[in-house]
Amino acid sequence: MTAREKMPEENKVLEGFVSIIITVLNGEKWVDSCMKSILEQEGDCIREVSVFDDFSTDRTVDKLLSWLPQFSEKSIKLIVTNNSFKSPRGVGFGRNRAIEASSGEYLCFLDIDDEMTPCRCAKQIEAARMNPQAIVGGKFFRSPPGSTERFTKWANEIPQDMLKVQIYTSHGPTVVMPTWFFHRSVFQAVGGFSEDGKGTPEDLIFFYKHLDLGGDVIRVDDIVLNYRYHEEATTFSIHWETIWKLRMNHLMDNVLTKYPWNSGFTIWNAGKQGKRFYSDLPESLKKLVRCFCDVDSKKIGRCYQSYDPVMRKGGPKIPIIDFREAKSPIVVCMKIDLTDGVFEANIKSLNLMEGIDYILFS
């Protein structure tokens with residue numbers, strides 16, 4: 001199923017307070033460091049930690065319950081909800097159940113394998129109070145150091161005014177899910193996370209729907225999380241083609257069918273990425289592609305012609321021009337930070353405005 005249209009009746013809301021939301025599957029080895037980071041939060045805005053155990057087969061639940069005395073000492077309620085289906089149901093299902101069992105006015109999301117920095121909740125609740133319709137993200141450390149350097153740089157350095165613009169890169173939401181913090185009404189407006197199970201990018205689905213409903217996105221420029229990188233992370237269960245299709249559909253529905261894009265557009269990159277983008281367009285949008293543009297002199301001046309193996313015929317011939325001759329609007333099918341700044345300098349030389357004259361689809 002997709003995100004649920006109607007959530008069950010909620011607990012009485014604890015106004016002004018925060019619920020930490022965690023879903024876990026076999027996270028025994030991470031429990032202690034995660035719980036410790038919650039107890040070390042500055043201020044006293046946390047009133048409960050709501051954890052959904054998605055049918056763990058290790059000692060995750062026992063380890064969680066061992067923290068009851070420490071949380072009780074700080075007047076924080078620890079709620080552990082168990083999966084009754086006897087098989088894992090996925091992160092989206094778990095988050096919805098953990099939220100249903102919670103009562104904080106504000107929701108702070110945390111993965112069991114990560115640790116919050118002491119300032120996190122104090123900084124983000126302040127931002128959420130000022131921006132009640134926003135997903136509030138934050139900067140993060142990546143552990144071990146040096147992991148996913150391009151992604152980390154992008155997520156920590158993307159300008160605030162680009163958080164609702166650079167939403168079609170392969171990196172996913174412009175504020176990373178483990179740093180999300182928002183007012184409960186944001187969750188209610190979207191209707192919950194997708195419950196389609198393993199392999200579903202439930203965070204990106206939620207993010208797009210939030211934006212489609214007019215929601216905002218902001219980031220506190222403080223390090224709020226030690227974001228751990230390891231091969232057991234749920235990120236690795238999501239196939240890149242699933243993300244690609246989701247990004248394509250949202251771009252087509254929200255950009256390419258709107259003015260001025262529906263009067264014709266250019267695809268930047270006559271290589272593999274640009275051709276894949278073109279081939280995945282429906283015929284109605286392929287007709288809007290004026291040309292490809294590129295920097296490769298071996299391609300410039302030629303034409304690209306796709307071939308339909310079912311119909312056994314070639315498509316229209318699309319000219320490939322020098323990027324300096326490209327006219328907006330442009331779908332840029334290039335990955336950023338891969339050419340020592342050459343690509344970025346090329347696009348800057350055209351004096352185009354991102355989000356209006358061009359969209360990054362990398």
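Residue indices begin from 1 for each chain and proceed along its sequence in written order. Confidence filtering applies because this is a predicted model: local features only for residues at pLDDT of at least 70, side-chain atom pairs given and counted only at 80 or more, and all residues used for totals across whole chains, interfaces and linings. Based on all heavy atoms of the structure, the side-chain values leave hydrogens and waters out of the count.

1. Considerations on the packing of helix α9 (residues 240-256) against helix α10 (residues 272-279)
Thought 1: Angles here are taken between N-to-C directions and fall from 0 to 180 degrees, while the axes themselves are lines fitted to C-alpha atoms, restricted in helices to the stretch in contact. Comment: elements are numbered from the N terminus, with helices defined as DSSP H or I runs of at least four residues and strands as E runs of at least two. Closest axis-to-axis distance for the α9/α10 pair is 11 Å, and the angle between their directions is 65 degrees. You can see that α9 and α10 cross each other, and the crossing is right-handed. Two secondary-structure elements touch here, α9 through W240, E241, W244, M248, L251 and L256 and α10 through Q273, R276 and F277. By convention the crossing between two helices is left-handed if the near helix lies anticlockwise of the far one by an angle smaller than a right angle, and right-handed if it lies clockwise. We call two residues in contact whenever any of their non-hydrogen atoms come within 4.5 Å of each other.

2. Comments concerning the packing of aromatic side chains
Thought 1: Aromatic rings from Phe, Tyr and Trp, with only the six-membered ring used for Trp, were paired whenever their centres fell within 6.5 Å, and each pair was classed as stacked if the ring planes differed by under 30 degrees, edge-to-face if by over 60, and tilted otherwise. Counted under the stated rule, the structure contains 25 aromatic pairs.
Thought 2: When the centroid spacing of 5.3 Å and the interplanar angle of 85 degrees are considered together, the rings of F140 and Y227 count as edge-to-face. Placement of the pair is F140 in strand β6 (residues 134-143) and Y227 in strand β8 (residues 216-228), with a sequence separation of 87 residues.
Thought 3: For R89, the ring lying beneath its charged end belongs to F93, and the centroid distance is 4.8 Å.
Thought 4: The rule is short: NZ of Lys or CZ of Arg within 6 Å of the ring centre and within 35 degrees of the ring normal puts a charge over the ring. Here R247 stacks its cationic end above the ring of F361, 4.3 Å away from the centre of that ring.

3. Observations regarding helix α12 (residues 342-349)
Thought 1: Here the term buried applies to any residue with accessible area under 20% of the maximum for its type, exposed to any over 50%, and partly exposed to those in between, with areas from a 1.4 Å probe on protein chains only. Listing the buried residues of α12 in full gives F343, N346 and I347. Down the axis of α12, the buried side of the element spans an arc of 90 degrees, and every buried residue falls inside it.
Thought 2: Elements that come into contact with the buried residues of α12 comprise β9 (265-268), β13 (330-332) and β14 (358-360).
Thought 3: Positive phi appears at N351, one or two residues downstream of α12, with a value of about 55 degrees. The arc under discussion is defined with respect to the helix axis, by the directions toward the C-beta atoms.

Nothing here speaks to function; it is geometry throughout.
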